[in-house]
Amino acid sequence: MNLPVIAVVDYGAGNLTSVVKGLEAAGATARIATGPDALAGAAAIVVPGVGHFDATRALDDAWRTAIIDATRHGVPLLGICLGLHWLFEGSDEAPDVPGLGLFTGRCAHLGNGLKVPHVGWNNLERLTERSVLLEQIEPGAYAYFTHSYAAPVTAGVVAASAHGGRFAAVAERRNVFGVQFHPEKSGRTGLQILQNFVAVAREAR
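Residues numbered from 1 in each chain as written. Predicted model: local features only at pLDDT ≥ 70, side-chain atom pairs only at ≥ 80, totals over all residues. Heavy atoms only, no water.

A. Structural detail: the overall build of the protein chain. Counting its regular elements, the protein chain contains four helices and 13 strands. Relative to the 2.2 N^0.38 estimate, which gives 17 Å for 205 residues, the radius of gyration of the protein chain is 15 Å and therefore close to what a compact globule would have. Per-residue burial over the protein chain gives 53% buried out of 205 residues. In the protein chain, the proportion of contacts linking residues at least 24 apart, taken out of those at least 6 apart, comes to 70%. With the model as given, the accessible surface of the protein chain reaches about 9,000 Å², and the carbon-plus-sulfur share is 50%. Each charge class in the protein chain can be summarised by its mean position, and for the 16 positive and 18 negative side chains these summaries are 4 Å apart. (Helix = DSSP H or I, 4+ residues; strand = E, 2+ residues; numbered from the N terminus. Rg over C-alpha atoms; globule rule 2.2 N^0.38 Å. Buried < 20%, exposed > 50% of the residue type's maximum accessible area, 1.4 Å probe, protein only. Contact = heavy atoms within 4.5 Å. Areas by Shrake-Rupley, 256 points an atom, 1.4 Å probe, with all protein chains shown as cover. Lys, Arg positive; Asp, Glu negative; His and termini not counted. Charge placed at Lys NZ, Arg CZ, Asp CG, Glu CD.)

Right, dumping it as structure tokens:
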């Protein structure tokens, strides 16, 4: 069986190796995309990333156009951690850098006297019965987080977590998906989520 080829966007925000290994363990062929042209022919796209939202400035108009065009043609898109933030309208961490705007709302600092970054295992509060990414995931399952900013719980958010207040943990709308945690570091739960995404990519080919 031919494995779906998933393009992992390299915009200098790191975390590529573990994401590639996670996708391959989930049954895909992962390739690093260093430019928008490298997205051509991919069965799905993953935007990973750790660190400051300003890093997404490297995802310029050419990247944005290529990614949006791909999603409009049915190619599944997954944002991980910083990649999830980029799928929203923007972040207070770098107010002048726009997000892709595929989900409504802006990311904000967890703050308010809390220990940040929020690092470690936290549970997923499922907000809807129907979720592609959360298929076969037990209610209250734990995933591994490391972040100081978070997206709000708005339309399209299917699971939340809490560190002080609630924040978006999993978002999905049609063929666009995002997770705040790192599925490639989240054990069995993370592997199942990546397998669910790979299954979407396989069906979309």
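B. Focus on the pairing of strand β4 (residues 77–80). On β4, burial covers both faces: L77 and G79 on one face and L78 and I80 on the other are all buried. Pairing of strand β3 (residues 44–47) with β4, which is carried by three bridges, proceeds in the parallel orientation. Within β4, the position partnered with I45 by the bridge is L77. Taken together, β3, helix α2 (residues 61–72) and β4 constitute a β-α-β crossover, and its handedness is right-handed. With four bridges joining them, β4 and strand β13 (residues 176–179) adopt parallel strand pairing. Note on β13: the bridge partner recorded for L77 is V176. (Pairing = 2+ DSSP bridges. Right-handed = clockwise from strand over helix to strand, strands pointing away.)

C. Just helix α1 (residues 16–25), in detail. Among the residues of α1, L16, V19, V20, G22 and L23 are the ones counted as buried. All buried residues of α1 lie within an arc of 160° about the axis, which places them on one face of the element. Residues of α1 that are exposed and point more than 90 degrees away from the buried face comprise T17, K21 and A25. Where α1 is buried, its residues meet β1 (5–9), β2 (29–33), β3, β4 and α4 (187–204). Two residues or fewer after α1 comes G27, characterised by a positive phi angle close to 105°. (Arc of directions from axis to C-beta.)

D. Molecular detail of the pattern of salt bridges. What the rule picks out here adds up to four salt bridges. Across the pair D54 and R57 runs a salt bridge whose closest N-O atoms are separated by 2.5 Å. On the basis of relative accessibility, which here comes to 32%, the residue D54 falls in the partly exposed class. R57 is the partner of D96 in a salt bridge, and the nearest nitrogen-oxygen pair spans 3.2 Å. (Salt bridge = Lys/Arg side-chain N within 4 Å of Asp/Glu carboxyl O.)

E. Fine view of the side chain of H118. With respect to the helices, strands and loops of the structure, H118 is situated in strand β7 (residues 118–123). Looking at H118, its side chain comes within polar contact range of the side chain of N122, at 3.3 Å. Not counting residues up to four positions away in its chain, the partners in contact with H118 are L110, F145, T146, H147, H163 and F167. (Polar contact = N/O pair within 3.5 Å; in protein donor to acceptor, adjacent residues only side chain to side chain.)

F. Main features of the sheet that holds β1. Reading across from one edge, β2-β1-β3-β4-β13-β12-β11-β8 is the order of the eight strands in this open sheet, with mixed pairing throughout. With partners counted over all chains shown, the strands left at the sheet margins are β2 and β8 (125–126), one partner each. Pairing between strand β12 (residues 165–173) and β13: four bridges, direction antiparallel. Counted as the bridge partner of A171 is G178 from β13. Lying on the sheet, α1 is in contact with β1, β2, β3 and β4; it crosses β1 at an angle near 165°. (Axes fitted to C-alpha atoms, helices over the stretch in contact; angles between N-to-C directions.)

G. Structural context of unusual backbone geometry. Cis geometry is adopted by the peptide bond preceding P117, which originates at V116 and carries an omega value of 0°. Residues other than glycine seldom take positive phi values, yet Q136 does so here, at roughly 70°. Mapping Q136 onto the fold places it in the loop between β8 and β9 (142–147). On the basis of relative accessible area, Q136 is assigned to the exposed category, the value being 65%. Phi at R174 is positive, roughly 55°, even though this residue is not glycine. Secondary-structure assignment places R174 in the loop between β12 and β13. Among the residues examined, R174 registers a relative accessible area of 72% and is labelled exposed.

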